Amino acid sequence: MEGAEKLEVFLAKLKLNREKVPLDVLKTKYKAGYEKLTADIKAEAVELIKPMATRPPEWLADCKIKTEYMEEIAAAFNGIYEAGGYAKKIGMALYKHYSITEALQIAGEVNGEYQEALLKIFHQKTCLYTTAENWDPENPVTPRIYNDLVDKFWDEEKGEWITAEKPPGNALLLFITGDKPQKEGEAK
């Protein structure tokens, strides 16, 4: 049985039990079975919902993210999940409405916010990669655009981020911080 099918069976059983037996009896006389059923629901729900909620955007899916940024990304997800009260919303969808569809819709909402946060983090890690040749007053070379999150350079000709060898020598990474610049005619 697939995860969604198993979860559907568990939710149907929970609904039937709650309709036939008072909750206080389920939590006392049938405590062991009731707790096992709710634990099974939680385990199956995590298996089904977590990959959907944490799915990265397509443009980032094949990129290897530098280890030093994993904690920041996890904190962004956890902040979104907690601030949105998503644990409670998913719990209501499953344990009160017995609805996998509703729980998956909520996971989709979480993922939309998460993908926006990942894009913001990605842009925060984009910088100019400068070396000594970029500062040569006689023959300056334009610095390359680099993203430290995924360790890739922007290739203007291809219009994509590429893995490339870093130029020899020391480099200075220039990050631009602050709000996204306003386009002409946009409200501030």
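See the structure shown above.
Residues numbered from 1 in each chain as written. Predicted model: local features only at pLDDT ≥ 70, side-chain atom pairs only at ≥ 80, totals over all residues. Heavy atoms only, no water.

Chemist: I'm lost on the overall build of the chain in this one. Help?
Modeler: A tally of helices and strands in the chain yields 7 helices and 5 strands. Listing every helix and strand of the chain by position from the N terminus yields α-α-α-α-α-α-α-β-β-β-β-β. Taken over the C-alpha trace, the chain has a radius of gyration of 24 Å; the compact-globule value for 188 residues is 16 Å, which it surpasses by more than 25%. Reported as C-alpha extents along the three principal axes, the dimensions of the chain are approximately 85 × 40 × 25 Å. Buried positions account for 30% of the 188 residues belonging to the chain. Sequence separation of at least 24 residues holds for 63% of the intrachain contacts in the chain that already meet a minimum separation of 6. Seen as two clouds, the 26 positive and the 32 negative side-chain charges of the chain have centres 11 Å apart. (Helix = DSSP H or I, 4+ residues; strand = E, 2+ residues; numbered from the N terminus. Rg over C-alpha atoms; globule rule 2.2 N^0.38 Å. Buried < 20%, exposed > 50% of the residue type's maximum accessible area, 1.4 Å probe, protein only. Contact = heavy atoms within 4.5 Å. Lys, Arg positive; Asp, Glu negative; His and termini not counted. Charge placed at Lys NZ, Arg CZ, Asp CG, Glu CD.)

Chemist: When you look at the pairing of strand 3 (residues 152-155) in this model, what are you seeing that I'm missing?
Modeler: In summary, the side chains of a regular strand alternate between the two faces of the sheet. When strand 2 (residues 144-147) meets strand 3, the two strands line up antiparallel, connected through 2 bridges. Pairing of Tyr 146 across the sheet is with Phe 153, part of strand 3. Counting the residues that bridge the hairpin from strand 2 to strand 3 gives 4 residues, and of these Asp 151 lies at a positive phi of roughly 55°. Judged from the 3 bridges that link them, strand 3 and strand 4 (residues 160-162) form a sheet pairing that is antiparallel. Looking at strand 4, one finds that Phe 153 is bridged to Ile 162. Taking the residues between adjacent antiparallel strands as the criterion, strand 3 and strand 4 are bridged by 4 residues, where Gly 159 takes a positive phi near 70°. (Pairing = 2+ DSSP bridges.)

Chemist: Could you clarify how one ought to interpret unusual backbone geometry in this entry?
Modeler: Despite not being glycine, Tyr 98 shows a phi value in the positive range, around 55°. With respect to the secondary-structure elements, Tyr 98 resides in the loop between helix 6 (86-96) and helix 7 (100-124). A positive phi angle is found at Asp 151, which is not glycine, with a value near 55°. For Asp 151, the location among the structural elements is in the loop between strand 2 and strand 3.

Chemist: I'm lost on helix 1 (residues 3-20) in this one. Help?
Modeler: Along an α-helix, residues three or four apart share an orientation, since each turn contains 3.6 residues. End to end, helix 1 covers 26 Å across 18 residues, agreeing with the expected 26 Å (1.5 Å per residue, within 8%). Every buried residue of helix 1 is accounted for by Leu 7, Phe 10, Leu 11 and Leu 14. Seen from one end, helix 1 has its buried residues packed into an arc of 100°, which puts them on one side. Opposite its buried face, helix 1 presents the exposed residues Glu 19 and Lys 20, each directed more than 90 degrees away. As for helix 1, its buried residues are in contact with helix 3 (31-53), helix 6 and helix 7. (Expected span 1.5 Å × (residues − 1). Arc of directions from axis to C-beta.)

Chemist: Would you take a moment to explain the sheet that holds strand 1 (residues 126-130) for this structure?
Modeler: Paired through backbone hydrogen bonds, the strands of a sheet run either parallel or antiparallel to each other. In space, the 5 strands of this open sheet follow the order 4-3-2-1-5, with antiparallel pairing throughout. With one partner strand each, in any of the chains shown, strand 4 and strand 5 (172-175) form the two edges of the open sheet. The sheet shows a mean angle of 40° between the axes of neighbouring strands, taken without regard to direction. In this fold helix 7 packs onto strand 1, strand 2, strand 4 and strand 5, with an angle of close to 20° to the strand it touches most, strand 1. (Axes fitted to C-alpha atoms, helices over the stretch in contact; angles between N-to-C directions.)

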